[in-house]
Amino acid sequence: FRRSHPDSHTYGDQSRDKLLEFFHPRLKERIVLPRWRRLFENFVSVKRAPIKIHEKANLFVYLTRQAIRGKNDYITDLQLAIKQFLDKFYKSRREDNR
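Thresholds applied
- Counting from 1, residues in each chain are numbered in the order their sequence is written.
- Per-residue local features of the predicted model are confined to residues with pLDDT of at least 70, and side-chain atom pairs are confined, for both listing and counting, to 80 or more; whole-chain, interface and lining totals are unaffected and use all residues.
- The side-chain quantities take in all heavy atoms of the structure and omit both hydrogens and water.
- Strands are runs of DSSP state E lasting at least two residues, helices are runs of H or I lasting at least four, and both sets are numbered from the N terminus onward.
- When accessible area is computed with a 1.4 Å probe and restricted to protein chains, residues below 20% of their type maximum are described as buried, those above 50% as exposed, and intermediate ones as partly exposed.
- Only heavy atoms matter for contacts: two residues are in contact if any of them lie within 4.5 Å across the pair.
- Computed with a 1.4 Å probe, the accessible areas rest on the Shrake-Rupley method; for each residue, only the protein chains presented here act as cover.
- Here, a salt bridge means any side-chain nitrogen of Lys or Arg that lies within 4 Å of a carboxyl oxygen of Asp or Glu.
- Each residue gets a pLDDT score, which is the predictor's confidence in that residue and runs from 0 to 100.
- Only the stretch in contact is used when fitting a helix axis, every axis being a line fitted to C-alpha atoms; angles between N-to-C directions are given from 0 to 180 degrees.
- Each angle is binned into one of four classes, with values under 35 degrees roughly parallel, values over 145 roughly antiparallel, values of 65 to 115 roughly perpendicular, and all other values oblique.
- Only rings of Phe, Tyr and Trp enter the pairing, Trp through its six-membered ring, and a pair is recorded when the two centres are within 6.5 Å. The plane angle decides the type: under 30 degrees is stacked, over 60 is edge-to-face, the rest tilted.

Novice: For the overall build of the protein, give the residues involved together with the corresponding values.
Specialist: When helices and strands are tallied, the protein shows four helices and zero strands. Reading the protein from its N terminus to its C terminus gives the helix and strand order α-α-α-α. Buried positions account for 15% of the 98 residues belonging to the protein. For the protein, long-range pairs separated by at least 24 residues make up 49% of all intrachain contacts whose partners lie at least 6 apart in sequence. A total accessible area of about 8800 Å² is found for the protein, and carbon and sulfur atoms account for 55% of it.

Spelled out as structure tokens, the structure:
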């Protein structure tokens, strides 16, 4: 039996910022691209894997296809990062003008 409560990190519709703060408190103010990072790390893992070159090629093709299929998620990641950057930029500009 799973119990949940409103303060749980998995409860309801948590924003990306709140989830990031929960899992990586030190990264709270940084601009991160979690999907892009995961994709990059997957490619690095395949590159380092002690497997035959044709198996690596097959995995690279698979990862590329997965990225193409999930392109909307990667675009969303970029949009959120740009929004976060612009929010920080305009916030600092407003503070400078005071």
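Having seen the structure, we can now continue with the description.
Novice: Residues and numbers for the environment of Val 32, please.
Specialist: Position of Val 32 among the secondary structure elements: in the loop between helix 1 (16–23) and helix 2 (34–48). Each C-alpha atom of the pair Val 32 and Gln 84 lies 9.4 Å from the other, and the pair is 52 residues apart in sequence.

Novice: How would you explain the pattern of salt bridges if you had to name every residue and give the values?
Specialist: Going through the model one piece at a time under the given rule, you end up with three salt bridges. The partner of Lys 83 in a salt bridge is Asp 87, and the shortest N-O contact between them spans 2.9 Å. Taken together, the residues Lys 83 and Asp 87, both in helix 4 (residues 71–96) and four residues apart, mark about one turn of the helix.

Novice: Tell me what's going on with the confidence of the model for the protein, and back it up with residues and numbers.
Specialist: Mean pLDDT over the protein: 82, with 69% of residues reaching 70 or higher. Element-level pLDDT for the protein is lowest in helix 1, with a mean of 64, against a maximum mean of 97 in helix 3 (residues 53–69).

Novice: Requested: an account of the packing of helix 2 against helix 3, with residues and values cited.
Specialist: The N-to-C vectors of helix 2 and helix 3 enclose an angle of 170°; their axes lie 10 Å apart at closest approach. When the axes of helix 2 and helix 3 are compared, the pair comes out roughly antiparallel. Seen from helix 2, the contacting residues are Leu 39, Asn 42, Phe 43, Val 46 and Lys 47; seen from helix 3, they are Lys 56, Leu 59, Phe 60, Leu 63, Thr 64 and Ala 67.

Novice: With reference to specific residues and values, describe the packing of aromatic side chains.
Specialist: Each pair of aromatic rings is reported with the distance of its centres and the angle of its planes. Under the criterion given, the structure shown has four aromatic pairs. Seen in terms of ring centroids, Trp 36 and Tyr 74 are 5.1 Å apart; in terms of plane orientation they differ by 70°. Their pairing is edge-to-face. One end of the pair, Trp 36, is in helix 2; the other, Tyr 74, is in helix 4, with 38 residues separating them in the sequence. We classify Tyr 74 as buried; its relative accessible area is 14%. Centroid distance Phe 89 to Tyr 90: 5.3 Å. Interplanar angle 70°. Geometry classified as edge-to-face. Judged by relative accessible area, which is 34%, Phe 89 ranks as partly exposed. With a relative accessible area of 47%, Tyr 90 lands in the partly exposed category. One aromatic cluster is present, formed by Phe 85, Phe 89 and Tyr 90 through successive ring pairs.

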